[in-house]
Amino acid sequence: MRIYLKQLELGPLQNFVYLIGPAESAETAVVDPGWDVPGILKTAERDGRRITAVLVTHTHFDHINGVAELVSATDVPVYVHKKEEGALPVEPASRKGVEGGYEFSLGPLALSFLHTPGHTPGSLCVSVQDKLITGDTLFIGGCGRCDLPGGDPELLHKSLVRLSQMDDRFIVHPGHNYASQPTSFLKDEKRYNPFLQAKDLLGFMGLIGAVRK
Ligand SMILES: [Zn+2]
């Protein structure tokens, strides 16, 4: 099945906001609407898409800034990990708390969530066919910070090990435009991204410059 996927770079922190859905019908999810909600709505309208869900990979402000505005414009549910549900600035009725392994569909297109804690306790990746939206867990050539409140180097290392065991053919769609290219094959991340190559926790801690507590 063909996929509609738009990657928009928005805001002062080089966030990537994604619009994703099946190419053959209009159902569309917006992932991490942190900035410029009017621009997101305009893109959807121009492309003939109907926004039916919001997904958030985690609840850092730069990923959820626009959630309330987008929900009031579209009245769609916001999918978030249960551990971070409370941090979402929308009414409980608009929240849909999920856990890893949760699957749902946009028309004929199936999406599934992976729980990849470490950057935050409820960080999620979203897999859709060969696309892997990685939020701030995995960047092109890098990974998210784990020294912020709620961050945990051990959990992030485990999550990255898990991602490194996934199929080479996945295309990584990160949460920020921090690299010289906006996406890459997971195969190449396994080969070139040092954070995916750390053999053990100690090696990983050395890479991120963490101090053992
Ligand atoms: Zn973050």
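Up top you'll find the structure we're talking about.
What you see is a predicted model, and the numbers here were worked out from it, not measured in a lab.

**Q** Tell me about the coordination of the zinc ion, and please be specific about residues and values.
**A** Coordination of the zinc ion by the protein comes from His-58 (NE2), His-60 (ND1), His-119 (NE2) and Asp-136 (OD), over a distance range of 2.1 to 2.3 Å. Of note is the zinc ion, whose four donor atoms meet at the metal with angles of 87 to 169 degrees in an arrangement that counts as irregular. Each donor residue of the zinc ion lies on the same chain, and together they follow the pattern H-x1-H-x58-H-x16-D. Of this pair, His-119 sits in the loop between strand E8 (109-115) and strand E9 (124-128) while Asp-136 sits in the loop between strand E10 (131-135) and strand E11 (138-139), and the two are 17 residues apart along the sequence.

**Q** Please provide a residue-by-residue account of helix H4 (residues 153-164), values included.
**A** Taking 1.5 Å of rise per residue, twelve residues should cover 16 Å, and H4 covers 16 Å from first to last C-alpha, within 8% of that figure. Where H4 begins, the capping side chain belongs to Asp-152, and its oxygen is found 2.9 Å from the backbone nitrogen of Glu-154.

**Q** Explain the side chain of Ser-184 to me, using residue names and the numbers behind them.
**A** Here Ser-184 lies in strand E14 (residues 184-185). At 2.6 Å, the side chain of Ser-184 and the side chain of Glu-189 are in polar contact. Ser-184 has contacts with Ile-140, Phe-170, Ile-171, Val-172 and Glu-189, leaving out every residue within four places of it along the chain.

**Q** Tell me about the layout of surface pockets, residues and numbers included.
**A** As a volume, the second largest pocket reaches approximately 180 Å³. Lining the second largest pocket are Leu-13, His-60, Phe-61, Asp-62, His-119, Asp-136, Phe-139, Gly-144, Arg-145, Leu-148, His-176 and Tyr-178. Looking at the lining of the second largest pocket residue by residue, the class counts come to five nonpolar, four polar and three charged.

**Q** Kindly report on the packing of helix H1 (residues 37-46) against helix H3 (residues 67-74), identifying the contributing residues and their values.
**A** Following both chains from N to C, one finds H1 and H3 inclined at 45 degrees, their axes separated by 9 Å at the closest point. On the basis of their axis angle, the class for H1 and H3 is oblique. Here the hand of the crossing between H1 and H3 comes out right-handed. Mapping the contact onto sequence places Val-37, Pro-38 and Leu-41 in H1 and Glu-69, Leu-70, Ala-73 and Thr-74 in H3. Within the contact of H1 with H3, the residues separate by chemical class into five nonpolar, one polar and one charged.

Calculation criteria
Residues numbered from 1 in each chain as written. Predicted model: local features only at pLDDT ≥ 70, side-chain atom pairs only at ≥ 80, totals over all residues. Heavy atoms only, no water. Donors = N, O, S within 2.8 Å, 3.2 Å for Na, K, Ca; no water. Tetrahedral: all angles 85-135°; square planar, octahedral: opposite > 155°, others 65-115°. Helix = DSSP H or I, 4+ residues; strand = E, 2+ residues; numbered from the N terminus. Expected span 1.5 Å × (residues − 1). Polar contact = N/O pair within 3.5 Å; in protein donor to acceptor, adjacent residues only side chain to side chain. Contact = heavy atoms within 4.5 Å. 1 Å grid on protein atoms, 1.4 Å probe; cavity = no way out; pocket = protein on both sides within 12 Å on 5 of 7 lines; lining within 4 Å. Points joined across faces, edges and corners; volume = space filled by probe spheres on them. Nonpolar A, V, L, I, M, F, W, Y, C, P; charged D, E, K, R; others polar. Axes fitted to C-alpha atoms, helices over the stretch in contact; angles between N-to-C directions. Parallel < 35°, antiparallel > 145°, perpendicular 65-115°, else oblique. Left-handed = near helix turned anticlockwise from the far one by under 90°.

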